[in-house]
Amino acid sequence: QVQLVESGGGLVQPGGSLRLSCAASGTRSTIYVMAWHRQAPGKQREVVASMTKSGTSNYADSVKGRFTISRDFAENTVYLQMNNLRPEDTADYYCKARVTPLGAENWGQGTHVTVSS
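Remember, it's a predicted structure, so these values are computed and weren't measured experimentally.

A word on the sheet that holds strand S8 (residues 77–82)
So, step 1. Spatially, four strands are ordered S1-S3-S8-S7 in an open sheet, and the strand pairing comes out antiparallel. Sheet topology places strand S1 (3–7) and strand S7 (67–72) at the edges, where each strand pairs with a single neighbour. Between one strand axis and the next, the sheet turns through 15 degrees on average, direction left out of account.
So, step 2. With six bridges joining them, strand S3 (residues 18–25) and S8 adopt antiparallel strand pairing.

Here's what the structure looks like:
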């Protein structure tokens, strides 16, 4: 199984930026898809952004134009650059990895992001 370690969360003012990192270990294969999900209090977890091993990325409508997902395939690391942050972006952010299309999902422990003035 893949282990995921997230970092980069914290407190930021509205309009500010944060860069989240997620390092995967436990596999020698290129991970099929890596993604960022988030969950705000009282809400369901939602996918924020994802990127396949081919480089195809997808974003939630709420973050398009503001967030950018990228991957370092050699290091099995995924990043989420978050710009122009809004209070509604406040949530626990989780890294997810799936090594193969039908394989199990692997989750990190999460990192908290607070956007507040």
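A few points about the environment of Asp-72
So, step 1. By the secondary structure assignment, Asp-72 is in strand S7.
So, step 2. C-alpha separation for the pair Asp-72 and Tyr-93, spaced 21 residues apart in sequence, amounts to 19 Å.
So, step 3. Once residues within four sequence positions are removed from consideration, Asp-72 is found in contact with Thr-77 and Tyr-79.

Side note on the environment of Arg-66
So, step 1. Checked against the element boundaries, Arg-66 lands in the loop between strand S6 (57–59) and S7.
So, step 2. Ignoring anything within four residues of it in the chain, the contact list for Arg-66 reads Gln-81, Met-82, Asn-83, Asn-84, Leu-85, Arg-86 and Asp-89.

Considerations on the environment of Tyr-59
So, step 1. Considering the arrangement of structural elements, one finds Tyr-59 in strand S6.
So, step 2. Under the relative-accessibility criterion, Tyr-59 is labelled partly exposed at 24%.
So, step 3. Along the primary structure Tyr-59 and Gln-39 are separated by 20 residues, whereas in three dimensions their C-alpha atoms are 15 Å apart.
So, step 4. Excluding residues that lie within four positions of it along the chain, Tyr-59 makes contacts with Val-48, Ala-49, Lys-64, Phe-67, Thr-68 and Ile-69.
So, step 5. Reaching out from Tyr-59, the side chain makes a polar contact with the backbone nitrogen of Ile-69 at a distance of 2.9 Å.

Reading the values: the criteria
- Residues numbered from 1 in each chain as written.
- Predicted model: local features only at pLDDT ≥ 70, side-chain atom pairs only at ≥ 80, totals over all residues.
- Heavy atoms only, no water.
- Pairing = 2+ DSSP bridges.
- Helix = DSSP H or I, 4+ residues; strand = E, 2+ residues; numbered from the N terminus.
- Axes fitted to C-alpha atoms, helices over the stretch in contact; angles between N-to-C directions.
- Contact = heavy atoms within 4.5 Å.
- Buried < 20%, exposed > 50% of the residue type's maximum accessible area, 1.4 Å probe, protein only.
- Polar contact = N/O pair within 3.5 Å; in protein donor to acceptor, adjacent residues only side chain to side chain.

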